[in-house]
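One-letter residues, chain by chain:
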Amino acid sequence: MPGFSQPCGARAHQRTQRASFLSMVLTPAESSQSLPGRWRFWLWVRRDCFESGLLSESMSQEREVPASAVPLEELSSWTEELCRRELPSVLPRLLSMYQDSDSWIEHIQILKIIVEMFLPHMNNLTLEQTFFSQVLPKTVKLFDDMMYELTSQARELSSQNLEIQTTLRSILQTMVQVVGALTGCVQHVCTTQEPIILENIHSLPSSVLHVIKSTFVHCKNSESVYSGRLHLVSDLLQALFKEAYSLQKQLMELLDMVCMDLLVDENDDVLIMVMVIHSLLEICSVISSMDHAFHANTWKFIIKQSLKHRSVIKRQLKHRDIVTHLCEDLLFSFQTCLQLAEQMTQSEAQDNADYRLFQKTLKLCRFFANSLLHYTKEFLPFLSDSCCTLHQLYLQIHSKFPPSLYAARISKAQQEEIAGAFLVTLDPLVNQLLIYQPFVHVVLDSKLELPSELQFPQCLLLVVIMDKLPSQPEDVQTLWCTESQVSDAPARVSLLKAIFDSFEQCSGELSLPVHFQAVKSEEQSPAAVTLYQHVCVHLCTFITSFHPSLFPELDAALLGAVLRANMITSLLAMDAWCFLARYGTAELCAHHVTIVAHLIKSCPGECYQLTNLSVLLRRLFFFMAPPQQMEFIQKFPPKEAENLPLWQHLSFQALPAELRRETALEVSRAGAAQCRRWLSSGRSLGELDSLNTVLSALLAVCHSAGDALDMGQQAAVVEAGSQLWAFLNTDLVTSHPCVQQTLSLLFPLLGFFIQTLDPQLISQVVTWQASLLKLEPPDHVRLAVLEFASSLGKLFISQDIQDIILPKLSSVFASLLADRNWLLEQHALEAFTQFAERTNHEEIVPRCLSSEETKNKVVSFLEKTGFVEETVAARVERVKQEKGIFWESLAKVRSEAATWSTLQPCAKRARVECAAEEECRAAVQAAVGALEAAGLLLQKGPAPHWLPAALELLQERVEVLRRRVCQDGA
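This text gives an overview of the structure that appears in the document. (Residues numbered from 1 in each chain as written. Predicted model: local features only at pLDDT ≥ 70, side-chain atom pairs only at ≥ 80, totals over all residues. Heavy atoms only, no water.)

**Description of the overall build of the chain**
Working step 1: When you go through the chain residue by residue, the secondary structure sums to 46 helices and 2 strands.
Working step 2: A burial count over the chain gives 47% of its 970 residues as buried.
Working step 3: Within the chain, counting contacts between residues at least 6 apart in sequence, those at least 24 apart form 74% of the total.
Working step 4: As displayed, the chain has an accessible area near 48600 Å², and 55% of this comes from carbon and sulfur atoms. (Helix = DSSP H or I, 4+ residues; strand = E, 2+ residues; numbered from the N terminus. Buried < 20%, exposed > 50% of the residue type's maximum accessible area, 1.4 Å probe, protein only. Contact = heavy atoms within 4.5 Å. Areas by Shrake-Rupley, 256 points an atom, 1.4 Å probe, with all protein chains shown as cover.)

**Topic: the pattern of salt bridges**
Working step 1: The tally for this structure, following the rule as stated, stands at 19 salt bridges.
Working step 2: Across the salt bridge formed by Lys 141 and Asp 145, the nearest N and O atoms sit 3.1 Å from each other. With Lys 141 and Asp 145 both in helix 8 (residues 127-153), this residue pair falls 4 residues apart, about one helical turn.
Working step 3: Note on Lys 141: relative accessible area 47%, which makes it partly exposed.
Working step 4: Overall, the relative accessible area of 31% leaves Asp 145 in the partly exposed class.
Working step 5: Here Asp 575 ties to Arg 619 by a salt bridge, and the two come within 2.6 Å at their closest N and O atoms. Residue Asp 575 is found in helix 28 (residues 567-583), and its partner Arg 619 is found in helix 30 (residues 608-622); the two are separated by 44 residues along the sequence.
Working step 6: Take Arg 619: its relative accessible area is 27%, and that puts it in the partly exposed class.
Working step 7: When salt bridges that share partners are traced, they join Lys 497, Asp 501, Glu 504 and Arg 564 into one network. (Salt bridge = Lys/Arg side-chain N within 4 Å of Asp/Glu carboxyl O.)

**Remarks on the nonpolar core**
One broad trend across soluble globular proteins is that nonpolar side chains are buried collectively.
Working step 1: Of all hydrophobic cores here, the largest spans 296 residues; its most connected members are Phe 118, Phe 131, Leu 204, Ile 418, Phe 422, Trp 480 and Phe 632.
Working step 2: Broken down by element, this core gets its largest block of residues, 14 residues, from helix 9 (residues 162-190).
Working step 3: When sequence neighbours within four positions are dropped, the list of residues in contact with Ile 418 reads Phe 334, Cys 337, Leu 338, Phe 358, Leu 362, Phe 401, Ile 410 and Leu 423. (Core = buried A, V, L, I, M, F, W, Y, C linked by side-chain atoms within 4.5 Å.)

**Some points on the environment of Gln 392**
Working step 1: Considering the arrangement of structural elements, one finds Gln 392 in helix 18 (residues 387-399).
Working step 2: In this structure Gln 392 touches Leu 450 and Leu 454, once residues within four positions along its chain are discounted.

**Observations concerning the packing of helix 29 (residues 586-602) against helix 31 (residues 626-635)**
Working step 1: Remark: helix 29 packs on helix 31, axes separated minimally by 10 Å, with the N-to-C direction vectors making an angle of 25 degrees. In terms of their interaxial angle, helix 29 and helix 31 are classed as roughly parallel. Crossing handedness for the pair helix 29 and helix 31: right-handed. Across the interface between the two elements, Ala 586, Glu 587, Ala 590, Val 593, Thr 594 and Ala 597 of helix 29 pack against Gln 628, Phe 632 and Lys 635 of helix 31. (Axes fitted to C-alpha atoms, helices over the stretch in contact; angles between N-to-C directions. Parallel < 35°, antiparallel > 145°, perpendicular 65-115°, else oblique. Left-handed = near helix turned anticlockwise from the far one by under 90°.)

**Notes on the packing of aromatic side chains**
Working step 1: Applying the stated criterion across every chain, the model contains 28 aromatic pairs.
Working step 2: Seen in terms of ring centroids, Phe 334 and Phe 422 are 5.1 Å apart; in terms of plane orientation they differ by 35 degrees. Their pairing is tilted. With Phe 334 in helix 16 (residues 319-346) and Phe 422 in the loop between helix 19 (412-421) and helix 20 (426-433), this pair connects stretches of sequence that are 88 residues apart. Here Phe 334 and Phe 422 have matching classes, each one buried.
Working step 3: Among the aromatic side chains, those forming a connected cluster through ring pairs are Phe 621, Phe 632, Phe 636, Trp 647 and Phe 652. (Phe/Tyr/Trp six-rings, centres within 6.5 Å; stacked < 30°, edge-to-face > 60°.)

**Some remarks on the environment of Gly 671**
Working step 1: With respect to the element layout, Gly 671 can be found in helix 33 (residues 657-680).
Working step 2: Its relative accessible area of 1% is what places Gly 671 among the buried residues.
Working step 3: Residues Gly 671 and Thr 693 lie 22 residues apart in sequence; the distance between their C-alpha atoms is 8.9 Å.
Working step 4: Excluding anything up to four places from it in sequence, Gly 671 contacts Val 694 and Leu 698.

**With respect to the packing of helix 17 (residues 352-379) against helix 19**
Working step 1: Two elements in contact, helix 17 and helix 19, have axes whose closest approach is 10 Å; the angle formed by their N-to-C orientations is 30 degrees. In this view, helix 17 runs roughly parallel relative to helix 19, as classed from their interaxial angle. For the element pair helix 17 and helix 19, the recorded crossing hand is right-handed. Of the residues in helix 19, those touching helix 17 at Tyr 355, Phe 358, Gln 359, Leu 362 and Arg 366 are Gln 414, Glu 417, Ile 418, Gly 420 and Ala 421.
Working step 2: Of the residues belonging to the contact of helix 17 with helix 19, the class tally is 5 nonpolar, 3 polar and 2 charged. (Nonpolar A, V, L, I, M, F, W, Y, C, P; charged D, E, K, R; others polar.)

**Side note on the side chain of Thr 482**
Working step 1: If you trace the backbone, Thr 482 turns up in the loop between helix 23 (474-481) and helix 24 (495-504).
Working step 2: Within polar-contact distance, the side chain of Thr 482 engages the backbone oxygen of Thr 478 at 2.5 Å.
Working step 3: Setting aside residues up to four positions removed in sequence, Thr 482 forms contacts with Arg 492, Val 493, Ser 494, Leu 550 and Glu 553. (Polar contact = N/O pair within 3.5 Å; in protein donor to acceptor, adjacent residues only side chain to side chain.)

**A short note on helix 27 (residues 551-562)**
Working step 1: Compared with an ideal rise of 1.5 Å per residue, which puts 12 residues at 16 Å, helix 27 spans 16 Å between its outermost C-alpha atoms and is within 8% of the ideal.
Working step 2: Taken together, the buried positions of helix 27 are occupied by Leu 554, Ala 557, Leu 558, Ala 561 and Val 562. Viewed along the axis of helix 27, the buried residues span an arc of 130 degrees, placing them on a single side of the element. Exposed residues lying more than 90 degrees from the buried face of helix 27 are Pro 552 and Ala 556.
Working step 3: In this structure, the buried residues of helix 27 make contact with helix 24, helix 26 (531-544), helix 28 and helix 30. (Expected span 1.5 Å × (residues − 1). Arc of directions from axis to C-beta.)

Written out as C-alpha cells, the structure reads:
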C-alpha cells in the first residue's frame, strides 16, 4: 500500500506474478474478447506499455504510464492536447477494437470517442485511409443489422410486452447515436480549410447516403411496420428522422464545397459525384410525401450539382431517371394543388389556412417546373429517351386543368392564379424542345394513340407549337411541317395533318363546347371562343406566315382534311382554305377553284368526298374575281352537259348580275333540253343518274338565280317537272335508289314553282306523299317531302280541292313530326313552323299535332327550350361517355381498315344482272307507271272514245309477253 515499504524479495515476487498474469491474459488475442470493453482496452494499452519496457519495478514508475492507458469511459475527460499527443498509439487500438467488437453498445461508444476526441486531430488528406475506409463499412453493416432487428421484432411490439418495447427503443436510441456520429464526421470535413477532394473521402458520402435512405424508408413505412403501436416508439422515430434530416443537410453542405477537375470526366471524383446525385434521387422518391420543403431542397441540390459539374458528369448521369422522377413529382404537386383548389371551391366558408397551403403547393409546382426547365436546357442533347415523358407531362397537366372535360372544378380566380404562376413555365419548356428532333418524332408519331382524356391536350399542344414555328429558322419549320418515312425510324406525319387528326378526336370538346379566353385586339376585352374558333384562328394566322417552300405541304394537308369523312374536320379545312383564297392572290384562288373543279368531275359517283369538294367549290367560287369567273365559265361552259355536274354545286349569287342572268339561262336551257330528251327516249333507268344531275343544276338555278328566269324558261322547267312526275310510281321509288334521288330533287323543284303548278298535280303529289311515308322511304326522300309540304304555306288552296289536300297534308306533317330520327325531327319542326306562319288555312295546324308529345315538342321548339333539363355537370359527363363510345368505334374502324389494307383483294364476281335484264325491268316499270298515270287522268274527266280499243290491244300484247316468258321458263 502507498506509504508503506516492502522487502525487496516481496517486490520481486509481485513483479513476477504481474508479468505472468499479463502474459497469460494479453498474449492470446481471443482471451481478451471475453472481458468488458473498457477493461479490454485498458489491457491492450498496458500490454503495449509492458512490451515497450514502460513498466518499472517501482510503484512510482507504474504511475507514470501514458494517460491513454485508461478505461473507455475516462477518455472523454482527456484534453485536446492529450488526444492529439496520444493519437498515434490510441487510434490503431480503438480501430482494432471497433472491428473486433460484436456489441452494438460498445461499437457506438468507440465510434463516438473516435469522432469526438480524435477525429479533429487527424490529417485531413489521409482521412480515407486512416479512418473512413476502416470504420464506415462496419458502421453501415451495424446500422443495417439494427434496422433488420428493428423491423423483424416490430410486429411483436405491444404495450404489454415491456421487454420488446425496451429492446426496440434501445435499438432506436443506438441508431440515433450512429446517425449523430456520422453527422460529426461530415461536420469535421466541412470545417477543413483545404479544398475538398471527393477521392480523399469517398467512403463517407456513400455510407452516409445509405444510412439516410434506410432511415427515411423506415420512417415512411412506419405505419405498416408498427401497425397500431406506432405511438410506443414515435418519439424516437421522430428523433431518428431529425438526425437523418440534419445529416443530409450537412452532407449537402459538404458536397457543395467539393472541387472537381472540369477537364477530366473519367476520374474517381466524377464517379463519386454521379453516385451521390443518383442516391439523392432515390432519396427524393422516398421523402416526396413526407416533407415537401426538404423534398424541394433535395431536388434543388440535385439540379444545382448537376449543372455545376455538367461538363464532366453529363455522360454518366441517368438523365432519363432524373427527368422521370422530376416529372412525377411535378405532376403529383399539381394534382395536390388542384385538389386543394377544388376543396376551396366546394367549401362555402373561406379558410385562410387552406388558401395558404394552396399557395405553398402552387409555389412548389412552379419550383419543379423551373427545375425541369433548367435541367432540359443544359442537358437537352442527352434527353432523347425522355421526350415521351416530357410530352406526356404536358398532356397530363392540361388534361386536369380547364377547359378540359376531365378537369377539376375550380373557381375562375384560382384558374387564373394557377395559369399565371405555373402554366406559364411550360411555354419556355416547349420553346426548348421545339428544335429537338426526337421530341418532334414523339409528338408527330404516326402511330401515336392517346386515351380520350389526352386527345384535347394534344390538340392544344400542336396549336401552341404552330404558333411558335413562324419565329423559328426554315429548317425547324421544315422539320415540323414535312412527313418522314425513313426506314430505320418511326413514321412521322406533318404538323398540319397532326392538328387535323387531333382536332377530329375532340368530338366531346367540340359538341359541348368548351371555351377559351381570347383577346381579339388591344382595344377589346377578352372574349370566350370555342375550340373550333380557337384552332381555326390560329391555323389561319399560321398560314399567313407559312414559308413559301412549304406550300405544297399546306395544299396536301388541306386537301386531305377536306376529303375526310368527319364533317367538322372537313369544315375546318374548308374555312382555312377559304381564308387562304381571300388572303392570297386572285390567280391563286382561281387556280385552286380549277383544281377542285377537275377533282369533282373525276369523282366516279356519289360519295362523301364529292359532297365535301362540292361545298368547298361553292365557297371558293364566291372569292373569285370577275375576270377569273369569266375564265372559269369559258373553261367549263354551262351549256355543255358534261359541265352540269359542276354547275349543280355552284351558287349563281357569286356572279355579277349580268353574268348571273346569262349563266342561269344557259343552265336552264341545257337542263330543260336534257329532260325533254330523256322523256322522249326510252326513259332508261341507266340514264337516270345524268337526269338527276340536270335536275340538281336546275334546282341550283332556282335557289340562287330564280329571278333571272323569264316566264318561258319557268314554264319549260315546270313542264319538264310535271312530265317527270307522271313517270314516277311507288314501286320504282321503293326499289331504285336512283329514282329516290330523282324524287328528292323533283319535290323541291316543284315546290319552288308551287304558285304556278296545276292544282290537280298538287293534289296528286300530296296524296302520293302521304302514301309514300307509310313505306318508310330513305331520309333524303323524307326531307324532300318536308320541303314541298312547307312550300304549300305560300299557296292558297282552292275550296274544291281542300277536302283532298288538307287531310293528306296534315297526315304528312304528323308523320314527320313524330319521326324519331333527330335530324328529321329538327327539320320537321323548322318546316312545320314555316308552314304555320305563312299558311292561310290555320285550321290545319291543330290537325298536324296528332299527339300530346308532338304538341310539347313544337312548343319547346318555338320557345327555344330543351326537351330535357340537364345540369352542366351531367352534360359534361354525358359528353365524356359519348366521346368514349365514338372513340372506340373510330378506333375499331381504323383497325379494321388497317387489316383490310394488308389483305389481297378477292376476285371479282360476275355481275348477276346483265344490261339487257336491267333494261327489261326498267321498261316494265315504265309501263306500270304509264298505266298509273292514265288512271289518274281518268279521275279528272270521262275516258276518250278510243281508250277501250287501246286497252284491248295492250292486253293482247301483255298476253303475248306472258306466253313467251312461260315458254322460256319451260
